[in-house]
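Close look at the chain arrangement
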Amino acid sequence: MQWVWGPLLELPLPTVPSLQPQTRLPGSPLLHNHAETKYRVLKIDRTEPTDLVVIDDKHVYTQQEVRELLGRLDLGNRTKIGQKGSSGLSRAVSAFGVVGFVRFLEGYYIVLITKRRKMADIGGHAIYKIEDTNMIYIPNDTVRITHPDEARYLRIFQNVDLSSNFYFSYSYDLSHSLQYNLTILRMPLEILKTETIQTRPESFDIFEDEGLTAQGGSGVFGICSEPYKKYVWNGQLLDVVKNTVHHDWLLYVIHGFCGQSKLLIYGRPVHVTLIARRSSKFSGTRFLKRGANSEGDVANEVETEQILCDASVMSFSAGSYSSYVQVRGSVPLYWSQDISTMIPKPPITLDQADPFAHIAALHFDQMLQRFGSPIIILNLVKEREKRKHERILSEELVGAVTYLNQFLPPEHAIVYIPWDMAKYTKSKLCNVLDRLNVIAESVVKRTGFFVNRPDSYCSILRPDEKWNELGGFVVPTGRLQTGVLRTNCVDCLDRTNTAQFMVGKCALAYQLYSLGLIDKPNLQFDTDAVRLFEELYEDHGDTLSLQYGGSQLVHRVKTYRKIAPWTQHSKDIMQTLSRYYSNAFSDADRQDSINLFLGVFQPAEGKPHLWELPTDFYLHHKNTMSLSQTRRSYTYWWTQGVLNHLPLPYDEVTCTENRRKLIVKKFHKYEEEIDIHNEFFRPYELSSFDDTFCLAMTNSVRDFMPKNVGIDPSPFTVRKPEETGKSVVGNKSNREETVLQRKTAASAPPPPSEEAASSSSEDDSGTDKEDEGAVSQRSTPVKMTDTSDNVKITENIVQSMKDIYGINLSDVPSEDDLTVYTRFVQLGQNQHKQDKSSQQLCSKHHLDGVINIIHISSFSQDNIYEVQPPKVDKKSIDIFHAHIQAGRGTMQPLIKEDILMYREYIRNRYM
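Every value quoted in this text rests on a predicted model; they were computed, and no experiment measured them. (Residues numbered from 1 in each chain as written. Predicted model: local features only at pLDDT ≥ 70, side-chain atom pairs only at ≥ 80, totals over all residues. Heavy atoms only, no water.)

Structural notes on a nonpolar patch on the surface
Taken together, the side chains of Tyr457, Ile460 and Leu461 define a hydrophobic patch exposed on the protein surface, amounting to about 370 Å² of accessible area. Along the chain, leucine 461 turns up in helix α10 (residues 457-461). (Patch = residues over 30% accessible without salt bridge, like charges linked within 9 Å, V, L, I, M, F, W, Y side chains within 5 Å. Areas by Shrake-Rupley, 256 points an atom, 1.4 Å probe, with all protein chains shown as cover. Salt bridge = Lys/Arg side-chain N within 4 Å of Asp/Glu carboxyl O. Helix = DSSP H or I, 4+ residues; strand = E, 2+ residues; numbered from the N terminus.)

Below is the structure:
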């Protein structure tokens with residue numbers, strides 16, 4: 001047995017609520033937590049030429065134990081004197097996680113994450129973007145069996161750029177929504193106790209002679225759920241070791257988009273996060289993947305979730321969190337477009353007749369299980385055309401929905417909303433976004449949204465009409481979203497992104513209102529909050545469009561608002577040409593890479609090679625290769641048990657089937673795995689404020705608010721376009737600017753005008769970009785100015801006292817002013833005494849209708865005339881004296897709780 005040694009993989013062990021691994025300086029056989037106090041070791045046999053032999057003893061080693069183990073291995077692997085070759089153990093690579101294991105025609109490769117960048121933080125759980133990976137061939141050269149086609153398969157596999165919008169988290173399940181992740185935490189405690197697993201064996205306790213109890217009688221439960229396989233992109237790569245290794249080694253990766261921005265509301269930080277999960281089922285490029293496959297999975301299916309949280313409290317249990325989910329995806333029918341004719345819009349053809357809507361039934365059954373009811377379809381394809389093109393899909397979809405609805409209960413029927421967005425865009429009399437806003441209001445009122453806290457008291461005192469009409473499911477701990485909006489056009493790119501933005505903007509208003517941050521659930525355009533949200537959605541749309549269509553968005557929100565600058569038309573033409581070029585020349589190679597990466601095609605001896613297949617239709621439609629043994633009912637087309645729990649989603653209800661998907665673990669209250677403070681702030685690492693993620697993310701005050709002091713700082717104030725922070729900085733045309741274009745993700749090359757800027761930001765020698773302050777994906781350039789320009793900006797910002805207060809404040813008031821003020825204080829004190837005596841008189845006679853104001857301040861005298869310091873209690877005085885004595889070197893004796901905490905620290909750190 002030969003070893004590949006690291007710290008190849010340095011995974012911090014999990015934090016509550018998820019038990020998934022958290023990695024730091026990871027690699028293959030050696031894994032440890034952030035503080036380097038706990039380790040796991042993986043044994044990989046390198047003498048097997050074709051098979052993967054992995055042994056995991058599933059033991060957690062201490063620092064001393066792992067040193068002794070590696071010392072023995074180093075001694076055993078040393079070569080004899082006089083022999084050639086290296087001796088002992090050597091570091092192969094340092095990495096942040098294992099993506100998986102893959103085999104083509106020779107032996108297995110291990111895929112490692114070697115660079116990462118922090119993109120978001122949710123409840124203290126970091127979300128990272130993969131920046132770079134490394135593939136290592138496992139078998140030794142002495143046993144390697146060569147194959148002539150191995151190198152070609154390796155190139156095809158590596159065409160899937162893992163540095164383009166692949167995300168992971170060590171402690172947060174990205175494949176599920178926030179509502180699901182927080183709902184399973186509300187399971188009854190009795191269920192958790194019955195399913196708790198043992199965390200660690202009893203060990204020697206150096207404090208047992210002191211008579212202290214070992215556990216203290218308290219514990220914290222952690223829950224980890226199985227990932228939702230549809231949105232996991234490396235599931236096939238991990239299947240080979242899933243049942244062999246400890247789950248700390250399994251790091252699930254999603255593909256899509258992740259961005260986070262900070263909205264400052266009078267200094268109160270609110271984080272707005274946008275996460276898009278692209279489906280790994282029936283995935284591919286624009287013209288090569290249309291419609292749905294035989295299992296109901298549709299092309300270009302993306303689940304978009306917007307999360308709002310009060311960043312002043314980051315704990316899931318104590319903080320305020322809200323989320324809203326919507327979906328996009330191709331029309332769930334058997335249809336395609338023939339691209340052999342090389343025309344911009346190939347004709348749409350229906351490949352198979354489906355009179356009983358079998359494919360649509362499978363698709364909507366999946367949605368009912370994950371989202372509940374109602375399922376709302378917003379169909380944006382054209383309704384009126386000179387030559388029937390897009391209307392073919394609308395007519396077929398209407399028939400499928402009508403057929404399926406006749407078997408559903410009326411209260412849970414699928415809602416179908418057709419709206420020809422292209423027709424309204426061409427009309428000069430209609431406002432597209434106003435109509436979309438009406439649709440968005442009706443949709444959000446029907447589905448509701450998720451919030452983890454009950455309605456605020458102010459909303460009960462001052463109820464809003466729109467709030468009272470809100471749907472969803474109300475529980476004692478907050479609200480749940482029931483049902484989902486499913487938006488589609490033909491490509492599900494430009495029109496769909498604008499429609500989703502309008503629905504998300506409407507939902508954002510309700511989310512802010514539910515957290516008590518605005519007084520009305522309504523947001524207007526041209527405010528800092530909406531501009532920040534619009535920028536997030538444009539980055540989201542550009543990224544998804546690059547992945548599926550090969551270019552960025554052609555039509556944006558400003559295009560439909562008809563306020564886009566004239567230069568935008570030339571950019572739209574370039575994006576159209578870029579999309580056409582990608583579809584015509586590079587999509588076929590990208591599709592082969594996706595099929596190989598996802599395991600849709602698996603190379604084997606005696607089978608045709610991937611590049612020899614005339615089509616991949618048979619790979620994605622399993623019913624073409626073998627007939628199904630069971631046939632679904634044409635009338636009862638849903639999964640058994642789904643209707644019993646509607647409108648709630650079946651995946652979130654407490655039942656035996658769902659409990660099997662959970663791993664429950666009990667932690668002691670002093671263990672590192674549940675210390676969110678240490679996990680988030682890393683007190684054992686050297687860091688600076690300038691490099692922290694929270695300071696580097698997009699900020700509404702810094703990036704959008706006007707830079708002059710006299711302006712209203714509220715992010716909900718409507719401003720003119722030239723008043724925004726970005727315009728003020730951007731209008732300085734007399735200075736040189738260095739534009740750093742942040743990497744947006746791209747499976748296709750950037751536009752020529754941005755190419756130089758993109759390459760400059762990607763050229764980075766560091767391995768952990770989290771520490772360098774590079775945070776979120778932005779298509780908006782960041783302006784960097786020189787020192788002289790900063791001086792000019794400061795002069796504009798700093799205004800005189802007279803401009804701010806209306807008068808010039810002098811250092812020392814005059815004698816006349818002091819006399820006037822003294823007179824004012826004397827009069828006020830006398831009046832204050834009369835007011836107090838009258839209040840005492842009223843309280844004696846208990847007069848009806850008289851309001852008795854209770855003094856709530858700690859100061860006995862606290863008004864505009866005089867202030868008397870409060871009396872300090874004995875406990876506070878003792879604490880202060882103990883602090884003074886500690887500074888002088890005199891320590892107070894430790895109490896029992898302090899000794900318990902210190903003992904647990906020693907046990908976790910050194911034992």
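Read on, since the account is not over.
Looking at the packing of aromatic side chains
Across all of its chains, the model carries 28 aromatic pairs by this definition. Between phenylalanine 356 and tyrosine 403, the aromatic rings sit 6.1 Å apart at their centres with planes inclined by 65 degrees, giving edge-to-face as the arrangement. In this pair, phenylalanine 356 sits in the loop between β15 (348-350) and α6 (358-371) while tyrosine 403 sits in helix α7 (residues 391-405), placing the two residues 47 residues apart along the sequence. Owing to a relative accessible area of 15%, tyrosine 403 belongs among the buried residues under this scheme. When the ring of tryptophan 419 is compared with that of tyrosine 424, the centres are 5.0 Å apart and the planes differ by 40 degrees; the resulting orientation is tilted. Classification of tryptophan 419 by relative accessible area gives buried; the value is 4%. You can call tyrosine 424 partly exposed: its relative accessible area is 28%. Connected via pairs of aromatic rings, a cluster forms that spans Phe104, Tyr109, Tyr137, Tyr153, Phe157, Phe166, Trp233, Phe597, Phe601 and Trp611. (Phe/Tyr/Trp six-rings, centres within 6.5 Å; stacked < 30°, edge-to-face > 60°. Buried < 20%, exposed > 50% of the residue type's maximum accessible area, 1.4 Å probe, protein only.)

Quick word on unusual backbone geometry
Note the cis peptide between serine 373 and proline 374, where omega equals 5 degrees. Of note, proline 374 is situated in the loop between α6 and β16 (375-379). A cis amide bond links leucine 646 to the next residue, proline 647, at an omega of 10 degrees. Here proline 647 lies in the loop between α17 (642-645) and α18 (656-659). Its identity as a non-glycine residue notwithstanding, phenylalanine 282 has a phi of 55 degrees, on the positive side.

Structural notes on the nonpolar core
Core analysis: the biggest nonpolar cluster contains 56 residues, and Leu436, Val444, Phe501 and Leu512 have the highest contact counts within it. For this core, the leading source of residues is helix α12 (residues 494-514), giving 11 residues. Setting aside residues up to four positions removed in sequence, phenylalanine 501 forms contacts with Phe525, Val530, Phe533, Glu534, Tyr537 and Val557. (Core = buried A, V, L, I, M, F, W, Y, C linked by side-chain atoms within 4.5 Å. Contact = heavy atoms within 4.5 Å.)

Focus: the pairing of strand β10 (residues 254-265)
With 12 of its 12 residues buried, β10 lies for the most part within the structure. Both strand β7 (residues 166-168) and β10 contribute to a ladder of two bridges, which runs antiparallel. Bridged to phenylalanine 166 within β10 is histidine 255. Sheet topology places β10 next to strand β11 (residues 268-278); 10 bridges connect them, and they run antiparallel. Within β11, the position partnered with serine 261 by the bridge is valine 272. Turn length for the β10-β11 hairpin, with the two strands adjacent in sequence and antiparallel, is two residues, and the turn residue tyrosine 266 shows positive phi of about 55 degrees. The sheet contact formed by β10 and strand β23 (residues 698-699) spans two bridges and is parallel. If you follow lysine 262 over to β23, its bridge partner there is asparagine 699. (Pairing = 2+ DSSP bridges.)

What about the packing of α12 against helix α13 (residues 528-549)?
Interaxial distance between α12 and α13 falls to 10 Å at its minimum, and their mutual angle equals 145 degrees. Where α12 crosses over α13, the handedness of that crossing is right-handed. Touching Asn497, Gln500, Phe501, Gly504, Lys505 and Leu508 of α12 are Val530, Phe533, Glu534, Tyr537, His540 and Gly541, all from α13. (Axes fitted to C-alpha atoms, helices over the stretch in contact; angles between N-to-C directions. Left-handed = near helix turned anticlockwise from the far one by under 90°.)

So, the sheet that holds strand β2 (residues 39-44)
Across the sheet, which stays open at both edges, the three strands sit in the order β1-β2-β3 with antiparallel pairing between neighbours. Of all strands in the sheet, those bounded by a partner on one side alone are β1 (30-32) and β3 (54-56). Adjacent strand axes in the sheet meet at a mean angle of 20 degrees, parallel and antiparallel pairs treated alike. Direction of pairing for β2 relative to β3: antiparallel, over a ladder of three bridges. From the neighbouring strand, lysine 43 faces β3, where its bridge partner is isoleucine 55. Most of the contacts of helix α1 (residues 63-76) go to β2, to which it runs at about 25 degrees, and overall it touches β1 and β2.

Structural notes on the packing of helix α9 (residues 432-447) against α12
Closest axis-to-axis distance for the α9/α12 pair is 9 Å, and the angle between their directions is 55 degrees. Here α9 is positioned oblique relative to α12, judged by the angle of their axes. Where α9 crosses over α12, the two elements pack in a sense that is right-handed. Contacts between α9 and α12 involve Leu433, Leu436, Asn437, Ala440, Glu441, Val444 and Lys445 from the former and Thr498, Ala499, Met502, Val503, Lys505, Cys506, Ala507 and Tyr510 from the latter. (Parallel < 35°, antiparallel > 145°, perpendicular 65-115°, else oblique.)

Comments concerning the pattern of salt bridges
Within this structure, the stated rule accounts for 30 salt bridges. Put simply, arginine 531 and aspartate 526 hold a salt bridge, and the shortest N to O gap is 3.6 Å. Taking the relative accessible area as the measure of exposure, arginine 531 reaches 13% and is therefore buried. Notably, a salt bridge pairs arginine 556 with glutamate 538, separated by 3.6 Å at the nearest N-O pair. With a gap of 18 residues between them, arginine 556 in the loop between α13 and α14 (557-561) and glutamate 538 in helix α13 connect regions that are remote in the sequence. In terms of burial, arginine 556 and glutamate 538 fall into one category: buried. Because the salt bridges share partners, they merge into one network encompassing Arg277, Glu303, Glu305 and Arg370.

Some words on the pairing of strand β5 (residues 108-122)
A large share of β5 lies buried, amounting to 15 of its 15 residues. Relative to β5, strand β4 (residues 97-103) is paired through six bridges, and the arrangement is antiparallel. In the strand pairing of β5, glycine 97 is matched with isoleucine 113. Count of turn residues in the β4/β5 antiparallel hairpin: four residues. Examined bridge by bridge, β5 and strand β6 (residues 125-137) share 12 bridges and lie antiparallel to one another.

Quick look at the side chain of aspartate 491
Mapped onto the elements, aspartate 491 comes out in the loop between β21 (484-488) and α12. There is a polar contact of 2.8 Å between the side chain of aspartate 491 and the side chain of arginine 286. Those residues within four positions of aspartate 491 in sequence are excluded, and the remaining contacts are Arg286, Arg290, Asn300 and Tyr548. (Polar contact = N/O pair within 3.5 Å; in protein donor to acceptor, adjacent residues only side chain to side chain.)

Some words on the environment of phenylalanine 473
Tracing the backbone shows phenylalanine 473 in strand β19 (residues 473-475). Residue classification places phenylalanine 473 among the partly exposed residues on the basis of a relative accessible area of 31%. Sequence-wise, phenylalanine 473 and glycine 448 are 25 residues apart; in three dimensions their C-alpha atoms are separated by 7.5 Å. Residues contacting phenylalanine 473, with those up to four places away along its chain left out, are Gly478, Arg479, Leu480, Thr482 and Leu648.

Regarding α1
The terminal C-alpha atoms of α1, which comprises 14 residues, lie 20 Å apart, in line with the 20 Å expected from a rise of 1.5 Å per residue. Looking at the packing, one finds that the buried side of α1 touches β1 and β2. (Expected span 1.5 Å × (residues − 1).)

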